[in-house]
Amino acid sequence: MIINTKYFGLIADITNKKEEQVSLKETNTTVAFLKSVMETNYPDLKKTNYTIAVNQAIAGTDVSIQNHDEIALLPPFAGG
């Protein structure tokens, strides 16, 4: 499975990338699994609060991810 992953703000600084394609051997996976993979690839993510969006919708950890989904790792937002 290949997913298109985009990084914003502090997350882009941690990964040193704005986007990448992530290849997963699993074909049936969730946001929770992807989060664990990303934190293995980029250990500094473990120290950071961030939200994951799937196809432009904020997703809980139990949301399924499909081949070619667009994933965004979003840092905390400040309002005002």
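Residues numbered from 1 in each chain as written. Predicted model: local features only at pLDDT ≥ 70, side-chain atom pairs only at ≥ 80, totals over all residues. Heavy atoms only, no water.

1. Some details on the nonpolar core
In this structure, I3, Y7, L45, I65, I71 and L73 are the most contacted members of the largest nonpolar core, which totals 21 residues. Take this core: its biggest share by element is four residues, from helix α2 (residues 31-41). Residues within four places of Y7 in sequence aside, it is in contact with A12, T15, K17, K18, E19, E20, V22, M38, Y42 and L73. (Core = buried A, V, L, I, M, F, W, Y, C linked by side-chain atoms within 4.5 Å. Buried < 20%, exposed > 50% of the residue type's maximum accessible area, 1.4 Å probe, protein only. Helix = DSSP H or I, 4+ residues; strand = E, 2+ residues; numbered from the N terminus. Contact = heavy atoms within 4.5 Å.)

2. Details of the pattern of salt bridges
On inspection of all chains with the given rule, the structure shows three salt bridges. Between K17 and E20 there is a salt bridge, with its nearest N and O atoms 3.0 Å apart. A salt bridge links K47 to D44; the shortest N-O distance between them is 3.2 Å. (Salt bridge = Lys/Arg side-chain N within 4 Å of Asp/Glu carboxyl O.)

3. Some points on the sheet that holds strand β4 (residues 51-54)
What the five strands build is an open sheet, ordered β2-β1-β7-β4-β5; its pairing is mixed. The sheet terminates laterally at β2 (19-23) and β5 (57-58), the two strands that pair on one side only. Here β4 runs beside strand β7 (residues 70-74); their pairing, made up of four bridges, is antiparallel. Paired with T51 across the bridge in β7 is L74. (Pairing = 2+ DSSP bridges.)

4. Topic: the packing of aromatic side chains
Two aromatic rings, taken as a pair, are described by how far apart their centres are and by the angle between their planes. Counting across every chain of the model gives one aromatic pair. Residues Y7 and Y42 carry aromatic rings whose centres are separated by 6.2 Å and whose planes lie at 70° to one another, so their mutual orientation is edge-to-face. Taken together, the positions of Y7 in strand β1 (residues 2-7) and Y42 in the loop between α2 and β4 put the pair 35 residues apart, joining distant regions of the chain. Y42 gets classed as buried once you look at its relative accessible area, which sits at 13%. The lysine or arginine in question, K35, covers the ring of Y50, its NZ or CZ lying 5.0 Å from the ring centre. (Phe/Tyr/Trp six-rings, centres within 6.5 Å; stacked < 30°, edge-to-face > 60°. Lys NZ or Arg CZ within 6 Å of the ring centre and 35° of its normal.)

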